[in-house]
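# Descriptive structure summary
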Amino acid sequence: MTDGLSENPAALLRWYIDAGVDECIGDAPVDRLTKRAPASQPAAAQPAAAASAPAPIVLRSAAPVPAGLPADADAITSAVQAAQAATTVAELRAAVESYEGCGLKKFASRAVFADGNPQAPVMFVGEAPGADEDRQGLPFVGVSGKLLDRMLASIGLARETNAYITNIVFWRPPGNRAPTDEEIACCLPFVRRHIELVDPQVLVLVGGMSAKTLLGKPTGITRLRGHWYEYETPGLSRPVPTTALFHPAYLLRSPDQKRFAWRDLIAIKQKLASIPPV
Ligand code: URA
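In this report, we go over the structure that sits alongside the text. Please read these numbers as outputs of a predicted model, since none were measured by experiment. Each chain carries its own residue numbering, running from 1 in the direction its sequence is written. Whole-chain, interface and lining totals are the exception, using all residues; otherwise, since this is a predicted model, local features are given only for residues with pLDDT of at least 70 and side-chain atom pairs are given and counted only at 80 or more. Side-chain numbers come from the whole structure's heavy atoms, not from hydrogens or water.

## Looking at the overall build of the protein
To keep things clear, this is the line we draw: Elements are defined by DSSP. Helices are runs of H or I of four residues or more, strands are runs of E of two residues or more, and each kind is numbered from the N terminus. Throughout this description, buried means an accessible area under 20% of the type-specific maximum (1.4 Å probe, protein chains only), exposed means over 50%, and partly exposed covers the range between. Accessible surface area values rest on a Shrake-Rupley calculation with a 1.4 Å probe, where residue burial reflects the displayed protein chains alone.
Across its full length, the protein carries eleven helices and eight strands. Going through the 278 residues of the protein one by one, you find that 42% of them count as buried. Counting every atom, the protein has about 14500 Å² of accessible surface; 57% of that belongs to carbon and sulfur.

## Some points on the packing of aromatic side chains
For clarity, the threshold we go by: For this analysis, a ring pair means two rings from Phe, Tyr or Trp (six-membered ring only for Trp) whose centres lie within 6.5 Å, classed as stacked if their planes differ by under 30 degrees, edge-to-face if by over 60, and tilted for the remaining angles.
All chains considered together, the criterion is met by five aromatic pairs. Aromatic side chains Y99 and F190 sit 5.0 Å apart centroid to centroid with 65 degrees between the ring planes, which places their arrangement in the edge-to-face category. Separated by 91 residues along the polypeptide, Y99 in the loop between helix 4 (89-98) and strand 3 (115-116) and F190 in helix 7 (residues 181-198) bring together distant segments of the chain. The interplanar angle of 80 degrees and the centroid separation of 6.1 Å between the aromatic rings of F170 and W171 together place this pair among those described as edge-to-face. Just as F170 is buried, W171 falls in that class too. One aromatic cluster in this structure is built from Y99, F113, F170, W171 and F190.

## Quick notes on the site of the ligand
This is how it is decided: Whether a residue is near a molecule or strand depends on its heavy atoms: if one lies within 4 Å, it is near. Side-chain atoms alone can form a polar contact between residues adjacent in sequence; in general such a contact is a pair of N or O atoms within 3.5 Å, and within protein one must be able to donate a hydrogen while the other accepts it. Polarity classes work like this: nonpolar for Ala, Val, Leu, Ile, Met, Phe, Trp, Tyr, Cys and Pro, charged for Asp, Glu, Lys and Arg, and polar for all others, with Gly in that last group.
Taken together, G126, E127, A128, P129, E133, P139, F140, S144, N167 and H247 are the residues near the ligand. Between the ligand and E127, the relevant distance is 2.7 Å, taken from an oxygen atom to a main-chain nitrogen or oxygen of the residue. For the ligand, an oxygen atom lies 2.8 Å from a polar atom in the side chain of H247. Computed on the free molecule, the ligand has an accessible area of 230 Å², of which 93% lies beneath the protein chains in the complex. For the shell around the ligand, the per-class residue count stands at four nonpolar, four polar and two charged.

## What about helix 3 (residues 73-85)?
Let me state the cut-off plainly: Each residue after the first adds 1.5 Å to the expected span of a helix. The directions from the helix axis to the C-beta atoms form the arc being described.
Taking 1.5 Å of rise per residue, the 13 residues of helix 3 would be expected to cover 18 Å, and the 18 Å separating its terminal C-alpha atoms lies within 8% of that figure. Among the residues of helix 3, those classed as buried are A75, A79 and A83. Seen from one end, helix 3 has its buried residues packed into an arc of 60 degrees, which puts them on one side. Across from the buried face of helix 3, at angles greater than 90 degrees, the exposed residues are A73, D74, Q81 and A85.

## Some thoughts on the nonpolar core
Formally: In this text, buried Ala, Val, Leu, Ile, Met, Phe, Trp, Tyr and Cys residues form a nonpolar core when linked through side-chain atoms within 4.5 Å. Note on contacts: a residue pair qualifies if any of its non-hydrogen atoms lie within 4.5 Å across the two residues.
With 66 residues, the main nonpolar core has F124, W171, F190 and L214 as its most contacted residues. Sort the elements by how many residues they give to this core and helix 7 lands first, with eight residues. Look past the residues within four positions of F190 in its chain and what remains in contact with it is A79, A82, A83, L92, A95, V96, Y99 and F170.

## A few points about the packing of helix 4 against helix 7
Let me state the cut-off plainly: Lines fitted to C-alpha atoms define the axes, with helix axes restricted to the stretch in contact, and inter-axis angles between N-to-C directions lie between 0 and 180 degrees. Put simply, angles under 35 degrees are roughly parallel, angles over 145 are roughly antiparallel, angles from 65 to 115 are roughly perpendicular, and the rest are oblique. In a left-handed crossing the near helix is turned counterclockwise from the far helix by less than a right angle, and in a right-handed crossing that turn is clockwise.
Between helix 4 and helix 7, the least distance of the axes is 10 Å, while the angle of their chain directions is 165 degrees. In terms of axis orientation, helix 4 runs roughly antiparallel to helix 7. The crossing of helix 4 and helix 7 is left-handed. Mapping the contact onto sequence places V89, L92, A95 and V96 in helix 4 and F190, R193, H194, L197 and V198 in helix 7.

## Some points on the pattern of salt bridges
Selection criterion: Salt bridge, as applied in this entry: a Lys or Arg side-chain nitrogen positioned within 4 Å of an Asp or Glu carboxyl oxygen.
Summed over all chains, the structure comprises nine salt bridges. We note a salt bridge from D199 to R238, for which the minimum N-O separation is 3.1 Å. Taken together, the residues span a long stretch of sequence, with D199 in the loop between helix 7 and strand 6 (202-206) and R238 in the loop between strand 7 (229-231) and strand 8 (240-245) at a distance of 39 residues. Overall, the relative accessible area of 32% leaves D199 in the partly exposed class. According to the relative accessible area criterion, R238 is partly exposed, its value standing at 30%. In the salt-bridge network here, residues are joined through shared partners; they are D115, D149 and R159.

## Considering the sheet that holds strand 7
Definition in use: By this definition, two strands are paired if DSSP reports at least two bridges between them.
With mixed pairing, six strands are arranged side by side in an open sheet as 3-5-4-6-8-7. Looking along the sheet, the strands with just one partner apiece sit at the ends: strand 3 and strand 7. Judged from the three bridges that link them, strand 7 and strand 8 form a sheet pairing that is antiparallel. Across the sheet, Y231 pairs through a bridge with V240, a residue of strand 8.

Okay, here's the thing in structure tokens:
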């Protein structure tokens, strides 16, 4: 390698993790530094390079990745029960962190629950944590998060004060693959309860996966954005005005679409301004 990774084991490991190769194949650790070749295979019989180099750590590539544990009916039932039992955002966070029914948890470093002000008038729901979010335990802190912050700032919003941000799944899918329907299904009771507890004046669904899931429509983001919907669940006192926004990661890849996002941001600002303070 010519990029310095081969001389820097920590950077090499980080490179593997970012690529989704983040799990050893065996359950029990093997100390390969002390493991000797069997006596019947004298070291001299090994190729020279293999004899001098430590045996490689065997890592399982996460791409393609098994879809994680299937979210069976029990997993969804226990998610519904745990979510409904939470009466505050802090309780819900604790319930998410202790939930064992989502297969993604097995691959992630930690749950990524939310960031921002839970009293904020506007709540953003993105898709799934990536590598940076998995490391920091906060949503939208990587490159697309920086763009989201700039988009929010352009209409006077900031996570430190008047915006609240979460995702449709709470754990990073390995290798940044899309979450499966089962993984989304077992997180959804928590997401719905999250919206009820935050009770925002305006809900913004960031990206197609979030929009399709929470609007319950099979339509793509290009057609879902640019409209207002009413999001309603039994625990909400009233329907929440809801819209969809192109995902910042998509805008980074397709900057010509930013003009539509800009229109949507203006519409969000106007909607917020039109709602009388409670
Ligand atoms: N993309 C998302 O949808 N959510 C994050 O938290 C980060 C990137």
